[in-house]
Amino acid sequence: MAELPSQTGIVIIGGGIIGCSLAYHLTKLGRKDVLLIERKKLTSGTTWHAAGLVRAMLYSKNLTQLARYSLELYGELEKETGQATGLKRCGSISIATNSERWEEIRRGASMARAFGVGMEEISPKDAQRLWPVMQIDDVVGAVYFPEDGQVSPGDTTMALAKGARMGGARLVEDIKVTGILKVETRSGGRAVGVRTTHGDVRAEIVVNCAGMWAREVGRMAGVDVPLQATEHFYAVTEPMELPASMPVLRNMDQKLYVKEDAGKLLFGGFETRAKPWGVAGIPEDFCFDELPDDLEQFNPIFEGAQHRIPALAKTGIRKFFNGPESFTPDQRYLLGPAPGLGNFYVAAGFNSVGISSGGGVGMALARWIVDGHAPFDLSEVDLRRMQPHQSRTSYLVERIAEAQGLTFAMHWPYRQFEAGRNIRHTPLHDRLKHHGACFGEVAGWERPNWFARPGQAARYEYSFGRQNWFANSAAEAKAAREAAALLDLSTLAKFLVQGPDALRELQRISAGEMDVAPGRAVYTQWLNERGGIEADLTVTRLAGEKFLVVTSAACAARDWAFLQRSLAEGARVTIDDVTGGWAVLGVMGPNSRALLQSVSEEDFSNAAFPFGSSRMVTIGAVAARATRISYVGELGWEIFVPSEYAVALFDTLHAAGAPHGLKLCGMHAVDSLRLEKAYRHWGHDIADEDTPLEAGLGFAVAFDKKAPFVGRDALLRQREKKVLTKRLLQFALDDPRPLLYHNEPIYRDGKLVGTTTSANYGHHLGSAIALGYVTEPAGVTPDLVSSGRWEIEIGLARFPARASLRPLYDPTSSRMKG
């Protein structure tokens, strides 16, 4: 039995592919003080029985970077370590058997092209030539991805482990971590080591790579790691006469994947409703274990395989396999620093892409630990996006059963989860439901996405075209542009920041000027030292050393953690999350002033209540704080009211709204409106790898304020350059018929120059609109933008578009500020 050191630099918990990859990459960055602790044997959890499929493209540009890095790494490991990985770059084929799936696959192929991933549209007969045992009678289209392939998961992990040991890391087996050592700090605490069955180990950094045990390890640290293991099935046939070069086949309509496996076929899939496993706890002796067969659960996949591969009717099955695998509530893995516990990191919950992502994830997290930040934007997998309720067993069991099943389901635009809903309601939920709200979920909150007409069911009918709510959302947007709209914005996160050093700290953290008169709201960004945007929010000075920070629901946990971590040691500042105590109603549109004036004795005129001002008012019988600000680009106010008065305020405004054309407005319309005005959305259009100058937000940066702010030097260096080589532009299609959803390729004069970051239909502008970054080594200048032939690709077809550096709607903001 190996002895443990009493102290080391970095402790990694878990010896699957993720933990071994992290150890390997940390040594490549010069860290020799790495200790990996595995409870049983390396690969003995989920890694050993993974199917071993590797892909060049995943769901976004940056996750694709990690997947492509993994592919290249697996190809080099054998040379470096002498340990084979079994990498076979045989490619993959995705087939469609109906028009809806074919639309999805073609849009995905365009996304691959945007990310620089090789792809080729092929005919069903071409697909059959590459995959001769497939029947194609019902196949309507196919796409071939030549860079994809397969590896041996166990061998690849052992190669990473060997490389880590060669680099100086220490990997020990048969030792269980039983606790996390912590010390308390003002921001919640810091990990300082681990407790094991063989003694304590002090460490600077602790990393939870424990796979399906990661939630249990998280509990030891007081950190929520929301994942749940499910049963995952595949089968292996008897030997068949098969070309060894056959690509991996994906037939998602039948929830099926198939690969050639040493002359046999291995086929598996993702049944519609998964079976959670280990809900009451994972057996203590679990090691390379298999779960009991469940042929009834696997049968739909088996039947699909028999339909697609007629030869299976004459071929025996050598092995039915069932093993556990971890999934997360939103089908994205969990990566990065834990909120509330310093020096504790997580990499877990890989939703069947652990092998495909493992090399890249190890690289990215190693750099995150060593450099203090991620190598690029990884917010979509950042652990800090999760909410506390998502770690509750009752929630996870229902949600994960659905989430795994959606892996091969249709990936419809705007698709909503059905399980794990109605966890967080705003005070207005019942009122909105009564008025026909169709709710979507963000961070556990139920938010009205659109409002049904009388007699219309408030539920989605999904498609890639105009869905059943399209006309509803158009009418809501029209009201906001031409009359008045009422929005429930209560899910906005609200932090009360106060104390003797509140101004000083917010001045240092914020790029905007915080030393404004009480009653002023400031739109600002919080930056990192590189000038990248960590948060995009509004700060209102309520009094001398009292501020209200307002950010989006999705960014609440992340922004809270960033603010806590950014405070100077010993700063006399308190931060209180007051989100649940305050509801927010948005009153927007050219008639919003008249509407408010009709129910209040306050003066809402431009002279008395200019843009950016915030003050207490009385509306009907309710005292509230009105802030003149807008995310839809129209005259409007956000009304902050104690939650117990929210219904009364809503009723007052709604009852008085008819003469002013008031209409309830959902978040789909808000997204359309903000995109017409080219307002950015953090996590899509802006993130920690984008600067305000690149994003067109230089106007919000107070370069000349007396207090230096984080990121200022980086922005000054960038501003000194004559041109920017990367800029966020707005686009509108010339043709009013196609729809954009984001991640579409952008072309200028036939050259791929960028990718859309967010998109919707601009009902006022009359076509699909998008934001997207364009790069040009010579500089993205006004001349470059105004000249040339711009196109956006949708489903392998290109459509002419116009591009603009300025908002296509009301570029001077006269409607909002007048």
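Just above sits the structure.
Residues numbered from 1 in each chain as written. Predicted model: local features only at pLDDT ≥ 70, side-chain atom pairs only at ≥ 80, totals over all residues. Heavy atoms only, no water.

1. What to know about the pattern of salt bridges
And then number 1: On inspection of all chains with the given rule, the structure shows 50 salt bridges.
And then number 2: Residue Glu 80 pairs with Lys 28 through a salt bridge whose shortest N-O separation is 2.6 Å. Residue Glu 80 is located in helix α2 (residues 61-81), and its partner Lys 28 is located in helix α1 (residues 17-28); the two are separated by 52 residues in the primary sequence.
And then number 3: Overall, Glu 80 belongs to the partly exposed group, its relative accessible area being 30%.
And then number 4: Given the relative accessible area of 48%, Lys 28 is considered partly exposed.
And then number 5: Note that Glu 441 is salt-bridged to Arg 399, the shortest N-O span being 3.0 Å. Residue Glu 441 is found in strand β19 (residues 437-442), and its partner Arg 399 is found in helix α9 (residues 393-405); the two are separated by 42 residues along the sequence.
And then number 6: Residues joined by salt bridges that share partners form a network here, namely Asp 382, Arg 384, Glu 534, Arg 558 and Asp 688. (Salt bridge = Lys/Arg side-chain N within 4 Å of Asp/Glu carboxyl O. Helix = DSSP H or I, 4+ residues; strand = E, 2+ residues; numbered from the N terminus. Buried < 20%, exposed > 50% of the residue type's maximum accessible area, 1.4 Å probe, protein only.)

2. Here we look at the sheet that holds strand β24 (residues 533-543)
Two modes of strand pairing occur in sheets, parallel and antiparallel, and in both the strands are linked by backbone hydrogen bonds.
And then number 1: Strand order in the open sheet formed by five strands is β23-β24-β25-β22-β26, and the pairing between neighbours is antiparallel. Both outer strands of the open sheet, β23 (520-527) and β26 (574-577), are each paired with one neighbouring strand and no more. Averaged over all neighbouring strand pairs, the angle between strand axes comes to 30 degrees, with direction disregarded.
And then number 2: Direction of pairing for strand β22 (residues 493-498) relative to β26: antiparallel, over a ladder of four bridges. Looking at the pairing, Gln 498 lines up with Thr 574 of β26. (Pairing = 2+ DSSP bridges. Axes fitted to C-alpha atoms, helices over the stretch in contact; angles between N-to-C directions.)

3. Description of the sheet that holds strand β16 (residues 317-327)
And then number 1: The strand order β5-β6-β4-β13-β14-β15-β12-β16 describes an open sheet built from eight strands, whose pairing is mixed. Single-partner strands in this sheet number two, and they are β5 (120-122) and β16. Each adjacent strand pair in this sheet contributes to an overall mean axis angle of 25 degrees, direction not counted.
And then number 2: Across three bridges, strand β13 (residues 248-251) lies against strand β14 (residues 256-261) in antiparallel orientation. Each residue of the ladder has a partner; that of Arg 250, found in β14, is Tyr 257.
And then number 3: Lying over the sheet, α9 contacts β12 (228-237) and β16, oriented at roughly 35 degrees with respect to β12. (Contact = heavy atoms within 4.5 Å.)

4. Section: the packing of α2 against helix α5 (residues 153-166)
And then number 1: Orientation of α2 relative to α5, taken along the N-to-C sense of each, is 55 degrees, at an axis distance of 10 Å. Judged by the inter-axis angle, α2 sits oblique to α5. Like other packed secondary-structure pairs, α2 and α5 cross with a definite hand, here left-handed. Counted together, Leu 73, Tyr 74, Leu 77, Glu 80 and Thr 81 of α2 and Thr 156, Ala 159, Leu 160, Lys 162, Gly 163 and Met 166 of α5 form the full contact between these two elements.
And then number 2: For the contact of α2 with α5, a count of residues per class yields six nonpolar, three polar and two charged. (Parallel < 35°, antiparallel > 145°, perpendicular 65-115°, else oblique. Left-handed = near helix turned anticlockwise from the far one by under 90°. Nonpolar A, V, L, I, M, F, W, Y, C, P; charged D, E, K, R; others polar.)

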